[in-house]
There are 2 protein chains.
Amino acid sequence: MSDTLSSSPTLVSAAMLAIGDELLSGRTKDKNIGHLADLLTLSGIDLKEVRIVADEEDAVVEALNALRARYDYVFTSGGIGPTHDDITADAVSKAFEVPCIHDPEAMRLLAEMYERREMEFTEARQRMARMPQGATHIANPVSTAPGFVIGNVHVMAGVPQVFQAMMDNVLPTLKSGSKVLSRAIACPYGEGDIGTPLAAVQKAHPETSIGSYPKYDGKRFSTELVVRARDPQVLDAAAQAVADMIANIDGTRIADNPTADA
Amino acid sequence: MSDTLSSSPTLVSAAMLAIGDELLSGRTKDKNIGHLADLLTLSGIDLKEVRIVADEEDAVVEALNALRARYDYVFTSGGIGPTHDDITADAVSKAFEVPCIHDPEAMRLLAEMYERREMEFTEARQRMARMPQGATHIANPVSTAPGFVIGNVHVMAGVPQVFQAMMDNVLPTLKSGSKVLSRAIACPYGEGDIGTPLAAVQKAHPETSIGSYPKYDGKRFSTELVVRARDPQVLDAAAQAVADMIANIDGTRIADNPTADA
């Protein structure tokens, strides 16, 4: 009866599966996880889990089936190029128990592109048209070969520029969650100085999630405190409580002891 | 009877579990996964899987139990600081079904350090001495609060400088696998130009793992080919075959078509 009762926020969850031996050997430092995390946070979608697995069919199938059953969306990166170690299309098909086919529309797009460029549409390049039967395309404005969507799984390239271009096309198609609002509050003290009062603030503001992120500049620790909530008033109240907490700490004993907390 | 039969190489496998809401929100871009991957590759240990999960006990327990049963080693980062959202020690204890205690030796180390610095050893700071009963320490030269080892699980801080310092102490304690040798070969062509012959090279050299990593500089694709093997002669033969393959490609039709392959 009260108009102050708001409806429950929409929670939309997601996972990422990054595929590639090169990520696990250290040869390539992943850039897609952080990019996806930023995009999903802006869209109010909770990235709950990330896995990185090798270019091995069993590993991809198992991880994909675990993640797609549990979360609203799964986003994959890597393994959809033209070489023998690109096994993502086969693995995704196997996970969904459908044939992996040379998609006719993808074949047409690629054939046209290679003809326009007077390049041979080799058997290897034709591999880039393969996807699970029934999948729909994710357009690739950088290099034509499409990603694809099947069920709640979005399959994209591992090259960051292509991954990002594909995600720009995917984002408008996703249902957004209630956006999580956040407020970052710089704290000049290490976590050991604020842990106890901060826990009290968190307890007093149960509808928020308060994160504490230690920073170390080589000489001293400080902390970035981040208050998150879906309701702006709830956020304001908790952020104010955090700021008050910081103001009430006696910093005089701390300043000379820079490296005490991890 | 033949002395040309070599013993089977020692295979040592590992997984990483990175713990922290901030990695999933995009606020922090992980630096520990790539560092660990580099170190393990140098040590001949195969990093087979990485997971990133939130600061939620159930998520940590489930991932840890899955990974520690499957791989020789598990390395974790994050969640061992003094604040309320640092739940790794509790979660690891729960996974191993042992009590999470204030470790006496860690309490002594921390108490001494804070006394030396004339800082209060607060309840929050005492949280950093918590670990599963029976765990052994990983020394922390940066900020004293130790990481710990229980079973095959190595629990370390998330702050990269501390994670790296802890790993420097962990590495000499690990059994090394047969080191995987690798040879990187720059290839000026995109994957579509080399996919078919490269697959033939891989097939002809089954004891190697040949990876193909597309690069895109904003204008054109090229490829880095990486041959990996445990036997140096096997590596040499496969690397030579890859170089020959590149030399035999007719590049004249390719140079004007820079962005054709993903």
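Residues numbered from 1 in each chain as written. Chains lettered and ligands numbered in written order. Predicted model: local features only at pLDDT ≥ 70, side-chain atom pairs only at ≥ 80, totals over all residues. Heavy atoms only, no water.

Colleague: How should the pairing of strand β7 (residues 147–150) of chain A be read in this particular structure?
Modeller: Consecutive residues of a regular strand have side chains that alternate between opposite faces of the sheet. All names here are of chain A. Residues G147 and V149 of β7 are buried on one face, and the alternating residues F148 and I150, pointing to the opposite face, are buried as well. As judged from the three bridges shared by strand β6 (residues 136–138) and β7, these two strands associate in the antiparallel manner. The residue of β7 that forms the bridge with T136 is V149. (Buried < 20%, exposed > 50% of the residue type's maximum accessible area, 1.4 Å probe, protein only. Helix = DSSP H or I, 4+ residues; strand = E, 2+ residues; numbered from the N terminus. Pairing = 2+ DSSP bridges.)

Colleague: Before we go on, may I ask you to explain the relation of the copies chain B and chain A in this structure?
Modeller: Mapping chain B onto chain A calls for a rotation angle of 180° and an axial translation of 0.0 Å; the resulting RMSD is 0.1 Å. The superposition of one copy onto the other is thereby described by a two-fold rotation axis. No C-alpha of chain B approaches the rotation axis more nearly than that of R51 of chain B, which lies at 2.2 Å. Of all interface residues in chain B, 100% are interface residues in chain A too; the two copies therefore contact each other through one and the same surface. (Least-squares fit on C-alpha atoms with pLDDT ≥ 70 in both. Contact = heavy atoms within 4.5 Å.)

Colleague: Looking at this model, I keep getting lost on helix α2 (residues 32–43) of chain B. Mind explaining?
Modeller: The α-helix advances 3.6 residues per turn, and as a result positions three or four apart in sequence lie on the same side. With twelve residues, α2 of chain B extends 16 Å from end C-alpha to end C-alpha; this agrees with the ideal 16 Å at 1.5 Å per step. Taken as a whole, α2 of chain B has its buried residues at N32, I33, G34, L36, A37, L39, L40 and S43 of chain B. Buried residues along α2 of chain B sit against α1 (21–25) and β2 (46–53) of chain A together with β1 (13–19), β2 (46–53), β3 (73–77) and α7 (160–170) of chain B. (Expected span 1.5 Å × (residues − 1).)

Colleague: What should I look at first to understand the domain arrangement of chain A in this one?
Modeller: Interface size is commonly expressed as the accessible area that is lost once the parts come together. Per the domain assignment, the segments of chain A are domain 1 (13–173) and domain 2 (181–253). The distance between the C-alpha centroids of domain 1 of chain A and domain 2 of chain A comes to 38 Å. (Domains from an automatic or database assignment.)

Colleague: What am I meant to see in unusual backbone geometry here?
Modeller: For residues other than glycine, phi is negative in most cases, and the peptide bonds are mostly trans. All names here are of chain A. Here E97, not a glycine, exhibits a phi torsion of approximately 55°, which is positive. Within the fold, E97 resides in the loop between α4 (88–96) and β4 (100–102). At E118, a position not held by glycine, the phi torsion is positive, near 55°. Here E118 is to be found in the loop between α5 (104–116) and α6 (123–126). Overall, the relative accessible area of 64% leaves E118 in the exposed class.

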